[in-house]
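Listed below, chain by chain, are the residues.
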Protein chains: 4
Amino acid sequence: MICMYDHMIAAVKIKGEYNGTELRKVPVPDISDDEVLVKVSRASICGTDIHIYKWNEWAADTMGIPIIYGHEFSGYVEKVGDKVKNIKKGDYVSAEGHVWCDDCYQCRTGRRHICPNMKSLGISRNGIFAEYAAIRDKNIWHNDESIKPEIASLQDPLGNAVQTVFAGNVAGKTVLITGAGPIGLMAVSVAKATGAGKIIVTEHANSYRLDIAKRLGADHTLLDNEDIVERVKELTDGNGVDVSLEFSGAMQALRTGLKSLTNGGKMVILGLYSSDIPFSDEDINDIVIRGISVEGITGRLIWDTWYQSNRLLKSGKLKLDELITDRFKFDDFHDGFRAALSGKAGKIIYSFD
Amino acid sequence: MICMYDHMIAAVKIKGEYNGTELRKVPVPDISDDEVLVKVSRASICGTDIHIYKWNEWAADTMGIPIIYGHEFSGYVEKVGDKVKNIKKGDYVSAEGHVWCDDCYQCRTGRRHICPNMKSLGISRNGIFAEYAAIRDKNIWHNDESIKPEIASLQDPLGNAVQTVFAGNVAGKTVLITGAGPIGLMAVSVAKATGAGKIIVTEHANSYRLDIAKRLGADHTLLDNEDIVERVKELTDGNGVDVSLEFSGAMQALRTGLKSLTNGGKMVILGLYSSDIPFSDEDINDIVIRGISVEGITGRLIWDTWYQSNRLLKSGKLKLDELITDRFKFDDFHDGFRAALSGKAGKIIYSFD
Amino acid sequence: MICMYDHMIAAVKIKGEYNGTELRKVPVPDISDDEVLVKVSRASICGTDIHIYKWNEWAADTMGIPIIYGHEFSGYVEKVGDKVKNIKKGDYVSAEGHVWCDDCYQCRTGRRHICPNMKSLGISRNGIFAEYAAIRDKNIWHNDESIKPEIASLQDPLGNAVQTVFAGNVAGKTVLITGAGPIGLMAVSVAKATGAGKIIVTEHANSYRLDIAKRLGADHTLLDNEDIVERVKELTDGNGVDVSLEFSGAMQALRTGLKSLTNGGKMVILGLYSSDIPFSDEDINDIVIRGISVEGITGRLIWDTWYQSNRLLKSGKLKLDELITDRFKFDDFHDGFRAALSGKAGKIIYSFD
Amino acid sequence: MICMYDHMIAAVKIKGEYNGTELRKVPVPDISDDEVLVKVSRASICGTDIHIYKWNEWAADTMGIPIIYGHEFSGYVEKVGDKVKNIKKGDYVSAEGHVWCDDCYQCRTGRRHICPNMKSLGISRNGIFAEYAAIRDKNIWHNDESIKPEIASLQDPLGNAVQTVFAGNVAGKTVLITGAGPIGLMAVSVAKATGAGKIIVTEHANSYRLDIAKRLGADHTLLDNEDIVERVKELTDGNGVDVSLEFSGAMQALRTGLKSLTNGGKMVILGLYSSDIPFSDEDINDIVIRGISVEGITGRLIWDTWYQSNRLLKSGKLKLDELITDRFKFDDFHDGFRAALSGKAGKIIYSFD
């Protein structure tokens with residue numbers, strides 16, 4: 001096969017420091033037998049990418065450099081490996097960013113999303129902040145033509161939201177959502193679309209995001225300078241909510257979510273914590289005595305969550321457009337991160353056209 | 001206690017024949033220690049009431065006469081028995097029409113809706129086609145003031161629809177609904193409100209009802225002179241639907257629902273059958289080989305379904321107004337049944353003001 | 001009705017201090033319309049009774065005195081209230097010790113065991129360390145004649161174990177049980193009887209209890225001076241266990257149970273904690289990242305757990321006899337508690353013959 | 001690679017007629033990149049093999065000839081394809097006989113056992129009634145050394161029984177098993193091992209099999225000249241059973257299983273039917289009115305069922321030895337089928353040593 005291209009522009013993390021990223025001309029990646037080469041159309045910035053940009057403790061502990069990062073994208077297949085079936089040049093695709101092993105106990109029992117041998121696109125292998133990316137064939141998702149490229153690039157965080165909300169099984173239930181960042185806001189839209197009876201959203205001192213939450217379907221929004229637990233009980237006939245969905249990563253919000261539950265309620269957690277506010281014996285006892293269930297969520301069920309997300313997207317009930325606050329050309333990579341770090345951003349989209 | 005009233009108008013089935021019903025002046029019922037007297041505000045006609053009106057084989061086998069029938073209603077508490085707690089004069093209420101025993105294996109394990117000793121309001125005891133009705137205290141549901149009386153009178157059939165749709169757990173799934181009578185149409189609205197990804201509705205030669213289905217959220221409607229199974233597959237990427245909900249009571253629709261399922265799909269049945277088209281060994285084998293699940297639904301989960309229905313009603317997502325086609329004063333009782341029997345009716349509401 | 005008896009011997013907590021209990025002659029309790037009077041045959045000492053005996057902080061905060069305590073028993077109905085149905089003099093019974101309200105959200109939706117208005121036999125109302133006890137009719141369980149009275153008196157803690165093990169759904173799974181006190185040991189027997197694939201039991205420095213665990217079906221027993229997490233992985237092909245059941249009430253055991261889980265595993269907690277070892281952000285993150293589920297357990301599902309426990313008892317698969325280490329006449333009440341406090345006791349049974 | 005062998009003895013169905021099978025010397029199969037060559041140690045005769053032997057309508061419609069049939073086996077890996085990972089020469093293995101596609105909706109959502117594109121070992125590709133067999137690498141299961149080869153060859157039908165019993169979730173429940181052929185009898189053993197509270201087994205006029213059922217843990221056995229439904233109710237306090245497991249493939253047994261269920265009970269069906277006794281509208285209505293659930297079972301969950309089966313096997317609770325009635329050398333292939341067809345056989349094992 002003769003390639004018309006051989007180099008591409010990519011955002012390469014080259015130094016282990018804040019930013020430390022350069023747009024460079026690098027070779028287009030080779031693909032192996034079971035990989036496809038995708039020409040990226042749209043990419044989106046994830047919270048994880050911000051950790052990498054900032055080079056926080058987690059990033060420094062987890063990753064090697066140099067690396068091309070980024071994992072939320074949509075694009076078109078440019079080339080397929082020799083053993084690839086069911087994917088062809090020109091296909092409109094996105095990808096599951098988690099690269100599971102298929103050999104472990106979890107993968108062999110329908111739980112690939114929690115494979116203990118997981119690799120990740122843009123973290124442990126080169127990602128998609130680049131004109132081209134090599135993706136394992138098994139990880140490819142064929143996008144529906146009716147979903148436009150910038151929305152298709154959001155299926156990774158949308159899938160986080162969908163898995164979390166679906167774990168809460170919210171139809172006809174009262175729901176508290178703590179944390180109105182992009183994924184929390186997507187969860188508001190998903191909960192609304194799937195019949196949550198009453199949706200209450202809390203956020204730490206950011207009424208701008210609560211306004212978006214209202215537009216996406218929140219029935220009540222609360223800033224956490226209020227006594228949230230008390231207010232939640234007032235709004236739920238004194239019972240507390242059936243389901244708490246935690247996206248903030250703040251230990252205090254986790255505790256609030258638990259205390260706001262009615263007896264027998266369910267807490268679903270996507271957030272990750274770095275707080276030094278500990279969880280006490282009384283917090284645990286509250287779970288035990290009141291018959292609470294807690295479930296941790298990571299990634300997306302492969303592929304159940306993708307099917308679910310797509311059906312919701314195609315039904316027209318999700319308002320993800322509301323969450324895209326800024327669009328940049330990929331050449332203006334650093335402007336995108338500046339916007340993302342401003343505290344006023346929703347999702348930031350890069351285009352590669 | 002001094003009563004200001006002692007007689008009332010009631011629709012009494014007095015003869016075991018078609019119609020056989022007279023509006024009569026009868027004594028207001030006495031209530032026992034654990035009952036409340038309700039002044040009926042709105043009543044609605046159920047398919048079961050039509051069986052009683054027609055005095056079909058089921059009615060003749062099941063019921064004694066004379067009886068006041070009817071069981072779908074809303075009203076206001078007039079008087080409470082001596083041992084009644086938590087209910088008081090003036091309360092705005094409806095009631096669960098199934099009178100469970102509380103002593104059997106099912107009642108003792110959280111499954112009161114399938115109590116084998118069940119009695120039924122308006123079938124095995126006097127019902128609510130009357131100005132006043134005696135209701136067991138345990139059966140009372142307190143209505144939210146935001147739900148207007150005619151909608152509140154529909155909670156019994158709505159609960160059938162909600163239990164059926166919730167058994168299908170439809171969020172993010174493709175759904176086939178067979179039978180677009182009032183409960184089937186309510187199910188369309190409930191499925192739409194709870195995130196069904198694609199809703200396909202079929203009906204036997206009644207395109208009028210399919211138009212209503214469209215307004216309530218159906219994505220596709222099919223008359224059953226088409227090859228439904230083939231069309232369903234086309235509409236679902238060749239897979240068939242994840243869930244079939246059967247409301248028609250036609251054996252052919254049941255079979256269509258099963259054949260339209262994707263492997264591992266779920267069939268939920270509320271319809272009751274009187275067909276002589278049998279189910280063959282091949283129909284059963286199809287369930288077995290393709291790993292299908294089937295669940296029969298009766299009544300409403302007590303009180304889970306009522307809470308779920310109310311939250312959906314209060315969220316404003318259900319369009320039950322669309323289903324009320326005729327309103328009559330209770331004095332025009334026979335006009336109501338004439339409308340119900342016309343084949344063009346949705347729900348018929350009587351008012352008692 | 002003429003009573004042949006009017007006084008009885010009861011263990012009355014009269015002083016808010018260690019022991020503080022006297023065997024006294026007190027009036028046989030009156031019963032109201034919806035209560036039955038039970039002549040106690042066997043009573044058993046619960047960990048809660050030991051808290052009351054010691055008058056620890058929880059007891060001092062929770063209870064009033066004087067009170068007759070104790071709630072695990074079997075006996076025979078002596079008298080029934082005027083409104084009582086389905087129970088008659090001479091019936092062989094035990095009772096659910098949790099007195100639910102039947103009016104709250106939880107009670108109305110099949111979750112009476114977590115009623116927020118719960119009262120408790122022997123804590124908030126007089127209990128069964130007495131020759132006679134008044135029990136609400138709804139709380140009575142009819143014992144099968146094939147279950148002997150001392151075993152029947154153990155259905156309350158057995159029900160704790162059954163609810164916990166059933167929440168883990170252990171058939172064909174690997175299971176870690178932390179804490180080999182009486183309920184933890186019952187759980188070993190229940191897990192063995194319900195098909196747990198491999199049962200590993202840990203206990204803090206009490207090899208005597210681990211020997212009992214072995215006799216009840218544990219495949220491996222570990223003292224917690226070993227590196228439990230490492231050993232559990234070795235015993236489970238490197239995966240960790242599918243299910244952890246926590247009975248110890250030690251925060252360290254809770255953490256060990258979580259770390260010993262395979263990704264996607266389930267933690268079920270019955271223990272209650274008073275530790276000052278906090279739960280850290282890393283402990284929470286481990287739950288989130290590895291997709292762990294946690295469920296708190298209290299009491300017994302009413303009456304599901306009772307039916308389940310009885311079927312297991314009648315199948316002959318539970319070896320509860322092994323757990324009864326001491327038997328006393330009720331007159332030797334204080335000897336019973338001395339045995340219970342010795343650290344070498346399993347269950348202590350009082351007889352009233 | 002130089003092979004020391006090039007031909008092998010295999011049972012080849014060469015004619016589309018009763019028996020039509022010859023033991024022939026044929027080439028050892030070549031393996032492709034993703035296959036392994038297994039030297040068969042033990043093979044077992046399945047009911048499907050008997051259909052092929054008899055060449056009944058199903059076989060004639062489904063299969064091409066010539067073919068080597070058989071799919072239940074254990075053996076040792078002789079050679080592995082170039083792309084095979086995690087399997088090596090000498091490994092002690094069995095295999096999942098269903099060859100799923102990995103690309104369809106079901107395979108992509110954790111339901112490989114109901115892949116609509118399924119191929120089957122010994123039906124649509126050459127099977128294991130031969131000294132060597134080529135098996136796709138993904139289908140290989142590594143056997144535990146503690147499980148002896150003849151028991152390991154039974155994991156395919158054992159997996160049918162395990163999936164069926166686990167779908168009934170039988171711990172602490174009353175269970176009816178209809179049909180005491182080899183898989184029904186395995187189900188008795190699995191139900192006993194996983195805590196079924198009471199096991200009742202019925203069989204059509206074969207008291208010999210009911211004796212085996214008793215030894216495997218049945219509490220009651222009934223020949224179907226009795227009024228089974230009535231007897232089941234007597235044995236379950238008048239309630240009927242919680243779960244019916246149907247293995248017989250007789251429509252009458254299916255109906256008996258349904259009628260024997262308590263309200264809200266669950267019917268699980270593995271049997272396949274060829275009866276002309278139809279299922280009536282009343283049979284369907286009984287499912288609907290009484291809130292019954294029905295689930296069809298095929299194959300084994302891949303690989304959940306295999307893990308579960310192995311843990312039960314290793315726990316020593318399954319008595320599969322009781323089910324092996326005859327052992328033959330593979331050279332005496334036709335003697336094996338004669339025994340299988342005698343009506344008195346359990347499982348028949350061939351050895352290849």
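Residues numbered from 1 in each chain as written. Chains lettered and ligands numbered in written order. Predicted model: local features only at pLDDT ≥ 70, side-chain atom pairs only at ≥ 80, totals over all residues. Heavy atoms only, no water.

Here the focus is the overall build of chain A. Secondary structure assignment for chain A yields eleven helices and 18 strands. Relative to the compact-globule value of 20 Å for 353 residues, chain A shows a C-alpha radius of gyration of 21 Å, a close match. Taken along the three principal axes of its C-alpha coordinates, chain A extends 70 × 40 × 40 Å. Evaluated residue by residue, chain A yields a buried proportion of 62% over its 353 residues. Sequence separation of at least 24 residues holds for 67% of the intrachain contacts in chain A that already meet a minimum separation of 6. Accessible surface for chain A amounts to roughly 13,200 Å². Of this, 47% is attributable to carbon and sulfur atoms. If the 42 positive side-chain charges of chain A are averaged to one point and the 48 negative ones to another, these points end up 4 Å apart. (Helix = DSSP H or I, 4+ residues; strand = E, 2+ residues; numbered from the N terminus. Rg over C-alpha atoms; globule rule 2.2 N^0.38 Å. Buried < 20%, exposed > 50% of the residue type's maximum accessible area, 1.4 Å probe, protein only. Contact = heavy atoms within 4.5 Å. Areas by Shrake-Rupley, 256 points an atom, 1.4 Å probe, with all protein chains shown as cover. Lys, Arg positive; Asp, Glu negative; His and termini not counted. Charge placed at Lys NZ, Arg CZ, Asp CG, Glu CD.)

Per the stated rule, a full pass over the model turns up 15 cavities of 30 Å³ or more. Roughly 150 Å³ of internal volume is contained in the second largest cavity. Looking at the second largest cavity, it is lined by 15 residues, and the ones nearest its centre are Phe 279, Ile 287 and Val 294 of chain A together with Phe 279 and Ile 287 of chain C. Where the lining of the second largest cavity is concerned, the elements lending two or more residues are α8 (251-259), β15 (261-269) and α9 (281-289) of chain A together with α9 (251-259) and α10 (281-289) of chain C. Considered class by class, the residues forming the lining of the second largest cavity number 15 nonpolar, no polar and no charged. (1 Å grid on protein atoms, 1.4 Å probe; cavity = no way out; pocket = protein on both sides within 12 Å on 5 of 7 lines; lining within 4 Å. Points joined across faces, edges and corners; volume = space filled by probe spheres on them. Nonpolar A, V, L, I, M, F, W, Y, C, P; charged D, E, K, R; others polar.)

Another point: the domain arrangement of chain A. Residues and elements named next belong to chain A. Looking at the assigned domains, one finds that chain A contains domain 1 (7-153 + 319-351) and domain 2 (160-296). On a C-alpha basis, the centroid separation for the pair domain 1 and domain 2 is 29 Å. With both chains or domains summed, domain 1 and domain 2 bury close to 890 Å², and 60% of this area falls on carbon and sulfur atoms. If you sort the residues of domain 1 by the area they bury against domain 2, Lys 319, Glu 322 and Leu 323 come out on top, with a joint share of 50%. The interface formed by domain 1 and domain 2 holds one salt bridge in total. (Domains from an automatic or database assignment. Buried area = accessible area lost by both parts, 1.4 Å probe. Salt bridge = Lys/Arg side-chain N within 4 Å of Asp/Glu carboxyl O.)

Moving on to helix α11 (residues 333-340) of chain D. Residue and element names in this part refer to chain D. Of all the residues in α11, the buried ones are Phe 333, Gly 336, Phe 337, Ala 339 and Ala 340. When α11 is viewed along its axis, its buried side chains cluster within an angular range of 155° and face the same direction. Check the buried side of α11 and you find it contacts β1 (7-13), β2 (21-27), α1 (47-54), β17 (324-329) and β18 (347-351). (Arc of directions from axis to C-beta.)

Turning our eyes to something else, we now look at the relation of the copies chain D and chain A. The second copy of the chain is related to the first by a rotation about an axis and a shift along the axis. Least-squares fitting of chain D to chain A yields an RMSD of 0.0 Å, with the transformation described by 0.0 Å of translation along the axis and a rotation of 180°. Such a combination of rotation and displacement between the chain copies is what one expects of a two-fold axis. Scanning chain D for the C-alpha nearest the rotation axis identifies Gly 110 of chain D, at a separation of 2.4 Å. (Least-squares fit on C-alpha atoms with pLDDT ≥ 70 in both.)

The next thing to look at is the relation of the copies chain C and chain A. When chain C is fitted to chain A, the residual RMSD is 0.0 Å, and the transformation amounts to a turn of 180° plus an axial shift of 0.0 Å. An overlap of 100% is found between the interface residues of chain C and their copies at the interface of chain A, pointing to a shared contact surface.

Accessible area lost upon the coming together of the parts serves often as the stated size of an interface. Counting residues at the interface gives 17 residues for chain D, matched by 17 residues for chain A. Approximately 1,400 Å² of surface area, both sides summed, lies buried where chain D meets chain A, with 34% of it carried by carbon and sulfur atoms. Looking at the side of chain D facing chain A, the largest losses of area belong to Tyr 105, Arg 108 and Tyr 307 of chain D, adding up to 40% of the total buried there. For the interface between chain D and chain A, the tally reads four salt bridges.

This part is about the packing of aromatic side chains. Per the counting criterion, the structure on display carries 82 aromatic pairs over all chains. Here Tyr 53 of chain A and Phe 337 of chain A contribute two aromatic rings whose centre-to-centre distance is 4.3 Å and whose plane-to-plane angle is 5°, an arrangement assigned as stacked. One end of the pair, Tyr 53 of chain A, is in helix α1 (residues 47-54); the other, Phe 337 of chain A, is in helix α11 (residues 333-340), and 284 residues separate them in sequence. Taken together, the ring pairs connect Tyr 18, Tyr 53, Tyr 69, Phe 129, Phe 330, Phe 333, Phe 337, Tyr 350 and Phe 352 of chain A into an aromatic cluster. Looking at Arg 111 of chain B, its charged tip hangs above the ring of Tyr 105 of chain B, at a distance of 5.1 Å from the centre. The ring of Trp 100 of chain D carries Arg 136 of chain D above its face, with NZ or CZ at 4.6 Å from the centroid. (Phe/Tyr/Trp six-rings, centres within 6.5 Å; stacked < 30°, edge-to-face > 60°. Lys NZ or Arg CZ within 6 Å of the ring centre and 35° of its normal.)

Time to look at the pattern of salt bridges. Summed over all chains, the structure comprises 96 salt bridges over all chains. Taking the shortest distance from any N to any O, the salt bridge between Lys 192 of chain A and Asp 219 of chain A comes out at 3.8 Å. With Lys 192 of chain A in helix α5 (residues 182-193) and Asp 219 of chain A in the loop between α6 (207-216) and β13 (220-223), this pair connects stretches of sequence that are 27 residues apart. A relative accessible area of 28% places Asp 219 of chain A in the partly exposed class. The salt bridge involving Arg 255 of chain C is made with Asp 283 of chain C; its shortest N-O contact spans 2.9 Å. Of this pair, Arg 255 of chain C sits in helix α9 while Asp 283 of chain C sits in helix α10, and the two are 28 residues apart along the sequence. For Asp 283 of chain C, a relative accessible area of 6% corresponds to the buried category. Each of Arg 255, Lys 259, Asp 283, Asp 286 and Arg 290 of chain A takes part in salt bridges that share partners, so that together they form one network.

A few words now on the side chain of Ser 244 of chain A. Residues and elements named next belong to chain A. Mapping Ser 244 onto the fold places it in strand β14 (residues 241-246). Of the residues examined, Ser 244 reaches a relative accessible area of 1% and is grouped as buried. Side-chain polar atoms of Ser 244 contact the backbone oxygen of Gly 257, separated by 2.8 Å. Each residue touching Ser 244, except ones within four places of it in the same chain, is listed here: Leu 176, Gly 257, Leu 261, Lys 266, Met 267 and Val 268. (Polar contact = N/O pair within 3.5 Å; in protein donor to acceptor, adjacent residues only side chain to side chain.)

Let us now look at the packing of helix α8 (residues 251-259) of chain B against helix α9 (residues 281-289) of chain B. Residue and element names in this part refer to chain B. With their axes 10 Å apart at the nearest point, α8 and α9 run at an angle of 30° to one another. For the element pair α8 and α9, the recorded crossing hand is left-handed. Residues Arg 255, Leu 258 and Lys 259 of α8 form the contact with α9, whose own contacting residues are Glu 282, Asp 283, Asp 286 and Ile 287. Split by residue class, the contact of α8 with α9 holds two nonpolar, no polar and five charged. (Axes fitted to C-alpha atoms, helices over the stretch in contact; angles between N-to-C directions. Left-handed = near helix turned anticlockwise from the far one by under 90°.)

It is worth spelling out the pairing of strand β18 (residues 347-351) of chain B at this point. Residues and elements named next belong to chain B. Most of β18 sits inside the fold, with five of its five residues counted as buried. Side chains of β18 alternate between two faces, with Lys 347, Ile 349 and Ser 351 and Ile 348 and Tyr 350 buried alike. The pairing of strand β3 (residues 35-44) with β18 spans three bridges and is classified as antiparallel. Following the sheet pairing, Ala 43 is matched in β18 by Tyr 350. In this sheet, β18 lies alongside strand β17 (residues 324-329) in parallel orientation, the contact comprising five bridges. In the sheet register, Arg 327 faces β18, and the bridge partner there is Ile 349. Each parallel crossover has a hand, and the one from β17 via helix α11 (residues 333-340) to β18 is right-handed. (Pairing = 2+ DSSP bridges. Right-handed = clockwise from strand over helix to strand, strands pointing away.)

On to the sheet that holds strand β1 (residues 7-13) of chain C, then. Residue and element names in this part refer to chain C. Overall, antiparallel pairing links the three strands, which are arranged β2-β1-β4 in an open sheet. Each of the sheet's edge strands pairs with one partner strand only, and the pair in question is β2 (21-27) and β4 (67-68). Summarising the sheet, β1 and β4 pair through two bridges and their orientation is antiparallel. Counterpart to Lys 13 in the pairing with β4 is Ile 67.

What follows concerns the sheet that holds strand β16 (residues 293-296) of chain D. Taken together, twelve strands build an open sheet; the order of strands is β13(B)-β12(B)-β11(B)-β14(B)-β15(B)-β16(B)-β16(D)-β15(D)-β14(D)-β11(D)-β12(D)-β13(D) and the sheet is mixed. Of all strands in the sheet, those bounded by a partner on one side alone are β13 (220-223) of chain B together with β13 (220-223) of chain D. Direction aside, the axes of adjacent strands within the sheet are offset by 15° on average. Alignment of strand β14 (residues 241-246) of chain D against strand β15 (residues 261-269) of chain D, held across five bridges, turns out to be parallel.

Moving on, we come to the interface of chain C and chain A. Counting from both sides, the interface comprises 38 residues of chain C and, opposite them, 38 residues of chain A. Roughly 2,900 Å² of surface becomes buried between chain C and chain A when both sides are summed, with 56% attributable to carbon and sulfur atoms. On the chain C side of the interface with chain A, the three residues burying the most area are Tyr 105, Asn 263 and Val 288 of chain C, jointly 19% of the side's total. Between chain C and chain A we count zero salt bridges in total. Here chain C and chain A share 14 residue pairs in polar contact (both at pLDDT 80 or more) between them.

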